Amino acid sequence: MSSTGFADEVKVSLTVNGRRYTRTVEPRMLLADFLRHELGLTGTHVGCEHGVCGACTVQFDGQPVRSCLTFAVQAQGHEISTVEGLGEGPAKLSVLQEAFRECHGLQCGYCTPGILMTMQAFLAQHPDPSEAQVREALSGNLCRCTGYQHIVDAVLLAAKNLRAGGQA
Amino acid sequence: MKPAPFRYAAAQSVEHALALKAEFGEEARFLAGGQSLIPAMNFRLAQPAMLIDLNPLDDLDYIQVKDGALRIGARTRYSKVEHAAEVACWQPLLAEVLPNIAHPQIRNRGTLCGNLSHADPASELPAVMLASEARMHARSATGERWIPAAEFFLNLFETALQPDEMLVEIELPALSARTGTCFIEVARRPGDYAMMGVAARVSLDASGNCSAAGLALCNAGPTPMAALAAAQMLIGSDLGAEVLAAAAAQARDEVSPNGNVHCTPDYQRHLAGVLARRALTAAAARARTGTPA
């Protein structure tokens, strides 16, 4: 970085799913592209790339945000959580992921990572949501397959299972 | 990569950010939440040569209440204001409008001052600033000034801010006793742009007549629209159904919506009249019962 305080390429150090990464990138690199192309974390999907569809939603210091509307350089020193961090793997899904499988809450699956990252944070704040609350929380994520009904069912089932003692 | 190349500066202090803006002027843009600027950059509708990132400036992240007046800093995000008990208590109109602004993921990142600097007339927040008679605190490397909301929004995406100025803070004045407010909009889904939205504020004097009123509409023209003649009709009245209906009809005639793919200008004008009547009716009822919202 030059003495005037700006640079053509910048070093970014951040934590993703508890693991520390450092890369040098152009400032214009979006966080979504950084996760996918620099870190190989392709679970975060890229849809509209202007903040409408929600497919790229990740958690930034625990809060869901659009990774297509954040530059990677802005994540310097912050903690990012992506869908890769939710379950321990295909053999052990999180309670929320398991509910999506149980309720057939996805078809093509493209929107699913963004919905999971949105709803995991939602359920942490709303352990006993109404269907209307779930639908409103879902309004920032587009799904073109399911018609949303099974997604709503899955989130409500996950809430019930979490209240019974599971981990999101 | 979608955006065009730009130089990036993480602001180290407000003074540092203002010095860079003074040096680079319109070539540089401040980056706050980026929830309007980055989409425009992804489309390459905006190609700033430099971004001055305000996100490191924790000292611009605040909500201050003093004697009921509210000050909000440039780095304060929507979600913080949305969930702040003091906002719900002292500025219920602001608390009521926030859940209507975009989606939770956007509100976790976007800022109020960024929204107002962007000056999108379809956004709800500029109309609420007009109805609240808010003031905008602008700073540059060489000075500072306060700009009334009524003088801040000049045209589509155009504000009174000079190329070297930053909107560092907004102030909403305290509501007087016996004031009621209301925000209502019609949108196709929660979080979508409203086809029409109305912010209303009315105050009552000791005899129960209207002593002050503010009425403003979003997506109703090239700027947020203050329905000044409609608000004037309310002053001194008893805020009865008849006068509210007349004022709502006046508000309908004051707006000049453009229409879009989802609604014609005629439908938007119709909504303006209906929503103005409902918002004023609710605000008047809240003023009478002493519960602002």
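Residues numbered from 1 in each chain as written. Chains lettered and ligands numbered in written order. Predicted model: local features only at pLDDT ≥ 70, side-chain atom pairs only at ≥ 80, totals over all residues.

A. Spotlight on the overall build of chain A. Broken down by element type, chain A carries five helices and five strands. Ordered by position from the N terminus, the helices and strands of chain A form the series β-β-α-β-β-β-α-α-α-α. Taken against the 2.2 N^0.38 rule, which gives 15 Å for 168 residues, the C-alpha radius of gyration of chain A at 17 Å falls within 12% of a compact globule. Here the C-alpha coordinates of chain A stretch approximately 55 × 30 × 25 Å along the principal axes. Contacts spanning at least 24 positions in sequence make up 60% of the contacts within chain A whose residues lie at least 6 apart. (Helix = DSSP H or I, 4+ residues; strand = E, 2+ residues; numbered from the N terminus. Rg over C-alpha atoms; globule rule 2.2 N^0.38 Å. Contact = placed C-beta atoms within 7 Å.)

B. Highlighting the domain arrangement of chain A. Residue and element names in this part refer to chain A. What the domain assignment lists for chain A is domain 1 (10–85) and domain 2 (95–163). Each of domain 1 and domain 2 was reduced to a C-alpha centroid, and the two centroids are 22 Å apart. Elements supplying a minimum of two residues to the side of domain 1 that touches domain 2: β3 (57–60) and β4 (63–66). Per-element accounting of the side of domain 1 that touches domain 2 gives the leading share, three residues, to β3. (Domains from an automatic or database assignment.)

C. Here's a closer look at the sheet that holds β3 of chain A. All names here are of chain A. Strand order across the open sheet formed by five strands is β2-β1-β5-β3-β4, with mixed pairing between neighbours. Two strands bound the open sheet, and with one partner strand each, they are β2 (19–25) and β4. Across the sheet, the axes of successive neighbouring strands diverge by a mean angle of 40°, strand direction being ignored. Across the sheet, helix α3 (residues 112–125) touches β3, β4 and β5 (79–81), and the angle it forms with β3 is around 40°. (Pairing = 2+ DSSP bridges. Axes fitted to C-alpha atoms, helices over the stretch in contact; angles between N-to-C directions.)

D. Structural detail: the packing of α3 of chain A against helix α5 (residues 149–163) of chain A. All names here are of chain A. One way to put it is that α3 packs onto α5 with a least axis distance of 11 Å and a crossing angle of 40°. As the angle between them shows, α3 and α5 are arranged oblique. In terms of crossing hand, the pair formed by α3 and α5 is right-handed. When α3 is examined against α5, the residues Ile115, Met119 and Leu123 are found in contact with a partner set consisting of Ile151, Val155, Ala158, Ala159 and Leu162. Tallied by class, residues from the contact of α3 with α5 come to eight nonpolar, no polar and no charged. (Parallel < 35°, antiparallel > 145°, perpendicular 65-115°, else oblique. Left-handed = near helix turned anticlockwise from the far one by under 90°. Nonpolar A, V, L, I, M, F, W, Y, C, P; charged D, E, K, R; others polar.)

E. Spatial organisation of the pairing of strand β3 (residues 50–53) of chain B. All names here are of chain B. Where strand β1 (residues 7–10) and β3 come together, four bridges link them in parallel fashion. Bridge pairing in β3 places Ala9 opposite Ile52. With four bridges joining them, strand β2 (residues 28–31) and β3 adopt parallel strand pairing. What sits directly across from Ala28, in β3, is Met50. In this view, the connection linking β2 to its parallel neighbour β3 by way of helix α2 (residues 37–42) has right-handed handedness. (Right-handed = clockwise from strand over helix to strand, strands pointing away.)

F. Seen up close, the interface of chain A and chain B. If you look at the interface, chain A gives 30 residues, while chain B gives 28 residues. For the side of chain A that touches chain B, the secondary-structure elements that each account for two or more residues are β4 and α4 (131–137) of chain A. Looking at the side of chain A that touches chain B element by element, the count peaks at four residues for β4 of chain A. A breakdown of the residues in the side of chain A that touches chain B according to their chemical character gives twelve nonpolar, eleven polar and seven charged.

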